[in-house]
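# Remarks on the overall topology
In case you want the letters, here they are:
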Amino acid sequence: MPYTTPRLELLETFNENRENAYCVAFSPNKKTFAAAGGLRSVFIYDAFEKKPIGGLTDHRQSVYALLFAPSGRWFFSTGRDGFVFVYDEKFDKVATLLPEYDMATANPQLYPNYSLALNANETELAVGATGGVLRIYDTETWKLKSVFPVHQGNIRSVAYSSNGKLMATGSSDRTVNIIHPETKTVLQTISGHADTVFSVLFSPDSKLFMTGGKDARLRIWDVEGTELKPKVKILAHTFSIKAMAYLPISQELITVSQDKTIKRWDFENAVCLETVDRTFGGHIFTINSVAISTDEKFLVTGSDDKKVKLWSILSN
């Protein structure tokens, strides 16, 4: 694919977090987004007004993951304190989800949760946790349904395919597990990353699967039924790939990295179409997270420079 005009343009930089910004998420309403990190608070923003409009202060320690339900019914947060908080569309808390152990007596090293994902029909919430534990909660009762030890290391990322056929987990044990979403049996274990897998992602049409990790490599597979076939493997950054997001309309991929850059990819041809660094208003330390509005007009990033940045995605 030939070189294309840059599409990412900085709109605003937010400083409310005042600590490392570990996670960001965009609401399906296309205008509201959330960010959180080491400060423990979750900040809610209006993308059109380019300003904070609220906050949540339930967590006791760093927040590692945020998630909006695609239906807009719920918003979730979790992190180092081991709690998963569930809010409604007005950000009123409706449930606190607890693990299977007694948090009053357990070793605090068991607490951290790193990732969140909802299945396609939003009947279950998956939580990737310390020690390779995958917890599944029922969204009707908010009860813990099951606990599965699926990795030897912390689960840093969880994803469901939109067609409901697969789920995936990426771990600090350097592997990716492809899992049957109903039985939670491991269908395939993927090795090849040289270090922690920070991000796993299915394309919206469930035909592609992507992983990125501490080894700075981007790997892409074709998904045929429940079988994954290697498609692309490239050294995409100079340091860790911390997160990825899919541009559903233009069918491109965004990666963010410890090397302080945002990259936009044509993954069909393994070509980087755009690199955004501090020269273009980007971050000056590790970029931990990225999220995109469903209409593909906005992108938001969170970084160890304690900044949250809102970007406009220009038309292709």
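Just above, that's the structure.
Of regular secondary structure, the protein possesses zero helices and 28 strands. A compact globule built from 316 residues would reach a C-alpha radius of gyration of about 20 Å, and the protein, at 18 Å, matches this within 12%. Along the first, second and third principal axes, the C-alpha atoms of the protein reach 55 × 45 × 30 Å. Counting all 316 residues of the protein, 58% fall into the buried class. Contacts spanning at least 24 positions in sequence make up 44% of the contacts within the protein whose residues lie at least 6 apart. For the protein, the accessible surface area stands at approximately 13,300 Å², while carbon and sulfur atoms represent 47% of it.

Counted according to the given criterion, the structure contains 20 aromatic pairs. A centroid spacing of 4.6 Å and a plane angle of 45° characterise the contact between Phe68 and Phe75, whose relative ring orientation is tilted. On the basis of relative accessibility, which here comes to 11%, the residue Phe68 falls in the buried class. Ring geometry for Phe83 and Phe85: centres 5.7 Å apart, planes at 15°, overall stacked. For the pair shown, Phe83 and Phe85 are each scored as buried. Taken together, Phe14, Phe26, Phe33, Tyr45, Phe48 and Phe298 form an aromatic cluster joined through their ring pairs. Residue placement shows Lys242 over the ring face of Phe198; its charged tip is 4.9 Å from the ring centre.

Bringing the sheet that holds strand 6 (residues 63-68) into the picture now. Strand pairing in a sheet relies on backbone hydrogen bonds. The paired strands run either parallel or antiparallel. In spatial order, the strands read 6-7-8-9; together these four strands make up an open sheet with antiparallel pairing. What marks the edges here is a single partner per strand, and that holds for strand 6 and strand 9 (93-97). Across the sheet, the axes of successive neighbouring strands diverge by a mean angle of 15°, strand direction being ignored. Summarising the sheet, strand 6 and strand 7 (residues 75-79) pair through five bridges and their orientation is antiparallel. By the bridge assignment, Phe68 is partnered in strand 7 with Phe75.

Counted by the stated rule, this structure contains ten salt bridges. With a shortest N-O distance of 2.9 Å, Arg264 and Glu252 are connected by a salt bridge. Highlighted residues: Arg264 in strand 24 (residues 262-266) and Glu252 in strand 23 (residues 252-257), separated in sequence by twelve residues. Glu252 gets classed as buried once you look at its relative accessible area, which sits at 4%.

This next bit is on the environment of Ile178. Following the sequence through the fold, Ile178 ends up in strand 16 (residues 176-179). Leaving out residues up to four positions away in the same chain, Ile178 has contacts with Leu166, Met167, Ala168, Thr185, Val186, Leu187, Gln188, Ile190, Phe209 and Leu228.

Structurally, the position occupied by Lys143 is in the loop between strand 12 (133-138) and strand 13 (144-149). For Lys143 and Thr96, which are 47 residues apart along the polypeptide, the C-alpha to C-alpha distance reads 9.7 Å. Beyond its immediate sequence surroundings of up to four residues, Lys143 is in contact with Ile136, Tyr137 and Asp138.

Right, let's get into the side chain of Ser293. Topologically, Ser293 is positioned in the loop between strand 26 (287-292) and strand 27 (298-303). From its side chain, Ser293 meets the backbone nitrogen of Phe298 in a polar contact 3.0 Å long. Residues in contact with Ser293, not counting those within four places in the same chain, are Phe26, Lys30 and Phe298.

As a further point, take the sheet that holds strand 21 (residues 227-235). Pairing is antiparallel across the open sheet formed by four strands, whose spatial order is 18-19-20-21. What marks the edges here is a single partner per strand, and that holds for strand 18 (197-202) and strand 21. Sheet twist, expressed as the average angle between the axes of neighbouring strands with direction ignored, equals 20°.

The next thing to look at is the nonpolar core. Among the nonpolar cores identified, the biggest contains 18 residues, and Ala34, Ala36, Val42, Val63, Leu66 and Phe75 are the most heavily contacted of them. Listed by contribution, the elements that provide at least two residues to this core are strand 2 (21-26), strand 3 (32-37), strand 4 (42-46), strand 6 and strand 8 (84-87). When residues in this core are grouped by element, the largest group, three residues, is from strand 6. Look past the residues within four positions of Leu66 in its chain and what remains in contact with it is Cys23, Val24, Ala25, Ala34, Ala35, Ala36, Val42, Phe75, Phe76, Ser77 and Leu116.

Attention shifts here to the side chain of Glu122. Mapped onto the secondary structure, Glu122 falls in the loop between strand 10 (113-118) and strand 11 (124-129). An unpaired buried charge is present at Glu122: no salt bridge exists, and Arg73, the closest side chain of opposite charge, is 4.7 Å distant. A distance of 2.6 Å separates a polar atom in the side chain of Glu122 from a polar atom in the side chain of Ser71. Not counting the four nearest positions on each side in its chain, Glu122 is found in contact with Ala69, Pro70, Ser71, Arg73, Trp74 and Thr139.

Rules and cut-offs
- Within each chain, residue numbers correspond to sequence positions counted from 1 in written order.
- Selection of residues for local features in this predicted model requires a pLDDT of at least 70, selection of side-chain atom pairs for listing and counting requires 80 or more, and totals for whole chains, interfaces and linings are taken over all residues.
- Only hydrogens and water are set aside; all other atoms, that is, all heavy atoms of the structure, feed into the side-chain values.
- Secondary structure elements follow DSSP: runs of H or I no shorter than four residues count as helices, runs of E no shorter than two count as strands, and numbering proceeds from the N terminus.
- In this treatment the radius of gyration is a C-alpha quantity, and the globule benchmark scales as 2.2 Å times the residue count to the 0.38 power.
- When accessible area is computed with a 1.4 Å probe and restricted to protein chains, residues below 20% of their type maximum are described as buried, those above 50% as exposed, and intermediate ones as partly exposed.
- Only heavy atoms matter for contacts: two residues are in contact if any of them lie within 4.5 Å across the pair.
- Exposure was quantified through the Shrake-Rupley algorithm and a 1.4 Å probe, taking into account, for residues, occlusion by the shown protein chains and nothing else.
- Working definition: rings of Phe, Tyr and Trp (its six-membered ring) pair if their centres are within 6.5 Å, and the pair is stacked with planes under 30 degrees apart, edge-to-face with planes over 60 apart, and tilted otherwise.
- The criterion for a charge sitting over a ring is simple: Lys NZ or Arg CZ within 6 Å of the ring centre, and within 35 degrees of the ring normal.
- Two strands are counted as paired when DSSP detects at least two bridges linking them.
- With axes taken as lines fitted to C-alpha atoms, and helix axes fitted only over the stretch in contact, angles between N-to-C directions fall between 0 and 180 degrees.
- Whenever a carboxyl oxygen of Asp or Glu lies within 4 Å of a side-chain nitrogen of Lys or Arg, that contact is scored as a salt bridge.
- Polar contacts, as used here, are pairs of N or O atoms within 3.5 Å; protein pairs need one atom able to donate a hydrogen and one able to accept it. Residues neighboring in sequence count only if both atoms are side-chain atoms.
- Remark: nonpolar core denotes a set of buried residues (Ala, Val, Leu, Ile, Met, Phe, Trp, Tyr, Cys) joined through side-chain atoms within 4.5 Å.
- His is not counted, nor are the chain ends, whereas Lys and Arg count as positive and Asp and Glu as negative.

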